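Report on the structure
One-letter residues, chain by chain:
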Amino acid sequence: MAASQADYKDRQFIAVIGDEDSVTGLLLAGIGHVTSPPDSQKNFLVVDGKTETSAIEAAFESFTTQRKDIGIVLINQHVADKIRYRIDTYTAAFPTILEIPSKEHPYDPEKDSVLRRVRRLFGE
Amino acid sequence: MSGAGDREAVFPTRQSLGIMKAKLKGAETGHSLLKRKSEALTKRFREITRRIDEAKRKMGRVMQIAAFSLAEVTYAVGGDIGYQVQESAKSARFRLRTKQENVSGVFLPAFESYLTEGNNDFGLTGLGKGGQQVQRCRETYARAVETLVELASLQTAFVILDEVIKVVNRRGEYLPLKAEHVIIPRTENTIKYINSELDELDREEFYRLKKVAGKKQRDTAAADAEMKAKKAAAVSESNRENVEPKDHSAPADILATGEDDDVIF
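Residues numbered from 1 in each chain as written. Chains lettered and ligands numbered in written order. Predicted model: local features only at pLDDT ≥ 70, side-chain atom pairs only at ≥ 80, totals over all residues. Heavy atoms only, no water.

Digging into the pairing of strand S4 (residues 96-100) of chain A
Residue and element names in this part refer to chain A. Rules: Relative accessibility thresholds used throughout: buried, under 20% of the residue-type maximum; exposed, over 50%; partly exposed, between the two (1.4 Å probe, protein chains only). Each helix is a run of H or I in the DSSP string that is no shorter than four residues. Each strand is a run of E no shorter than two, and both are numbered from the N terminus. For two strands to be treated as a pair, DSSP must find no fewer than two bridges joining them.
Taking burial as the measure, the five residues of S4 include five buried ones, the bulk of the element. The two faces of S4 match: Thr96, Leu98 and Ile100 on one face and Ile97 and Glu99 on the other face are all buried. Bridging between strand S3 (residues 70-76) and S4 involves five bridges; their strand directions are parallel. Residue Ile72 lies in a different strand from S4, and its bridge partner there is Thr96.

Shown next, in the form of structure tokens:
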């Protein structure tokens, strides 16, 4: 209805934007995928202190709108905070944006855009 | 009564009464269906939001454990494996499959994770030392990813349901309201009107029949009376004729025999 079958049947990868530890761990679990050359695209982005916000945004853009094979985008909450306005305005069902905690930054349910929507709906 | 309220412009006939009754039934069925759909969706939605809340908390714990096991790996391997891991990632072992669930005509997609066979990008990671820790870390993270996938399904369902409920409520509130406050009362009014008109016709008909019957009764009574009178007249006539010969046999003075009975015709 909201999303047709064709919209998500090919989405079989999980993308991740996060700090080195989170990305390493998730890659160890086996979610890493590099598309075949010539335009080999990674489905993960390591963000450290030096990474530009524009680079994060570009990766987010690429994972959410350009690539059609990603079903879930995992993003560290502290990284999500940097592009919060993009995440708050992102309303599509596919791919799903999931904010995950990182090692240094414990999870704060108050910041999560989906949880905030839940709270707003219940009038809290 | 018949003029009260809003009603449809129909002729009060039995046929249109039937049509109106069918219409009322349809409106009531549709109304309850829409209401039920909206209720089912809302129920589902509340359940999902509750589960999202739970799953998010669970995710916090799981990710903490996973991060800890990664720290163990770093300690055991004695160096950062991040770079090596990032470089050797080639093809995803962990993949998603989507399936659909149908809730009152709304398709909710759900992710399902599965592992592809014979695909190991990190065969050499931790070969020197800490291989066991690496293995354990992978398992921990695999479990974490499963939790994340579950959470992602819930979240997708949440986003879609949110959207659908908005639409259904817009339609589902307007239409039942319209059905409840406009269509159903109006149809009921029309039925009432038709019924009262038909009753009125019935009463008129009954009255007319009664009148006709009364008139008929009067006519018969009058006819009977006439017949009786005729009969009586005939009887008295024949009586007189019978009497006359007697008069002849005994010739008497007619004038002398007092007064005759009155002959009534």
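Observations regarding the interface of chain B and chain A
Heads up, the condition is: Note on contacts: a residue pair is in contact if any heavy atoms of the two residues lie within 4.5 Å. Values labelled buried area give the accessible surface lost by two parts on being combined, using a 1.4 Å probe and summing over both. The rule for a salt bridge is simple: a side-chain nitrogen of Lys or Arg has to be within 4 Å of a carboxyl oxygen of Asp or Glu. Between N or O atoms, a polar contact is any pair within 3.5 Å; within protein, one atom must be a potential hydrogen donor and the other a potential acceptor, and residues adjacent in sequence are included only when both atoms are from side chains. We call Asp, Glu, Lys and Arg charged. Ala, Val, Leu, Ile, Met, Phe, Trp, Tyr, Cys and Pro are nonpolar, and the rest, Gly among them, are polar.
With 51 residues of chain B in contact, the opposing surface of chain A contributes 50 residues. At the boundary of chain B with chain A, total buried surface from both sides reaches about 4,400 Å², with 68% on carbon and sulfur atoms. Its largest share of buried area at the contact with chain A, chain B owes to B:Lys56, B:Gln86 and B:Leu96, together 13% of the area lost on that side. Along the contact surface separating chain B from chain A lie zero salt bridges. Taken together, the links from chain B to chain A amount to two residue pairs in polar contact (both at pLDDT 80 or more). If you list the elements that add at least two residues to the side of chain B that touches chain A, you get helix H1 (14-77), helix H2 (82-88), strand S1 (94-103), strand S2 (106-115) and helix H3 (131-249) of chain B. It is H3(B) that provides the largest number of residues to the side of chain B that touches chain A, a total of 16 residues. In terms of residue class, the side of chain B that touches chain A is built from 30 nonpolar, ten polar and eleven charged.

Considering the layout of surface pockets
Convention followed: Here the term cavity refers to a set of points on a 1 Å grid, laid over the protein atoms alone, in which a 1.4 Å probe fits but cannot get out; the term pocket refers to an open set having protein on both sides within 12 Å along at least five of seven lines, with lining residues being those that place an atom within 4 Å of a point. Grid points are joined across faces, edges and corners, and a volume is the space filled by probe spheres set on the points.
Its boundaries defined by the atoms lining it, the second largest pocket holds a volume of some 270 Å³. A:Ile87, A:Tyr90, A:Ser113, A:Val114 and A:Arg117 are, among the 20 residues lining the second largest pocket, the residues nearest its centre. At the level of elements, helix H5 (84-89), S4 and helix H6 (113-121) of chain A together with H3 of chain B are the ones that each hand at least two residues to the lining of the second largest pocket. It is H6(A) that provides the largest number of residues to the lining of the second largest pocket, a total of five residues. Taken together, the residues that form the lining of the second largest pocket break down as eight nonpolar, five polar and seven charged.

Some words on the sheet that holds S4(A)
All names here are of chain A. Formally: Orientation is described by axes fitted as lines to C-alpha atoms, over the contacting stretch for helices, and by angles from 0 to 180 degrees between their N-to-C directions.
The strand order across the open sheet formed by four strands is S2-S1-S3-S4, and the pairing between neighbours is parallel. The strands lining the two open edges of the sheet, one partner per strand, are strand S2 (44-46) and S4. Shown here is a sheet whose adjacent strand axes are inclined to one another by a mean of 20°, direction ignored. For strand S1 (residues 13-18) and S2, the ladder comprises three bridges, and the chain directions are parallel. Bridge pairing links Ile17 to Leu45 in S2. Sheet strands touched by helix H2 (residues 20-29): S1, S2, S3 and S4. Its angle to S2, the strand with the most contacts, is close to 150°.

Regarding H2(A)
Residues and elements named next belong to chain A. With eight of its ten residues buried, H2 lies for the most part within the structure. All buried positions along H2 are accounted for by Ser22, Val23, Thr24, Gly25, Leu26, Leu27, Leu28 and Ala29. Two residues or fewer after H2 comes Gly30, characterised by a positive phi angle close to 105°.

Remarks on the confidence of the model for chain A
Residue and element names in this part refer to chain A. Keep this limit in mind: The predictor attaches a confidence to each residue, and that confidence, scored 0 to 100, is pLDDT.
The predicted model of chain A averages 76 in pLDDT, with 85% of residues at 70 or higher. Model confidence for chain A, summarised as mean pLDDT per element, is weakest for helix H1 (residues 5-8) at 55 and strongest for S3 at 84. Every residue in residues 1-5 is under pLDDT 50, and counting partners more than four places away or in other chains gives six contacts.

Some thoughts on the side chain of A:Arg67
All names here are of chain A. Among the secondary structure elements, Arg67 is positioned in the loop between helix H3 (53-66) and S3. There is a polar contact of 3.1 Å between the side chain of Arg67 and the side chain of Asp69. Not counting the four nearest positions on each side in its chain, Arg67 is found in contact with Arg11, Thr35, Gln41, Lys42, Asn43 and Ser62.

Here we look at the nonpolar core
Let me state the cut-off plainly: For our purposes a nonpolar core is just a set of buried Ala, Val, Leu, Ile, Met, Phe, Trp, Tyr and Cys residues, chained together by side-chain atoms within 4.5 Å.
Membership of the largest hydrophobic core comes to 57 residues, with the highest contact counts inside it found for A:Leu26, A:Ile72 and A:Leu74. A per-element tally of this core places H3(B) first, with 19 residues. Ranked by size, the runner-up nonpolar core spans 18 residues in total, among them A:Phe13, A:Ala15, A:Val73 and A:Ile75.

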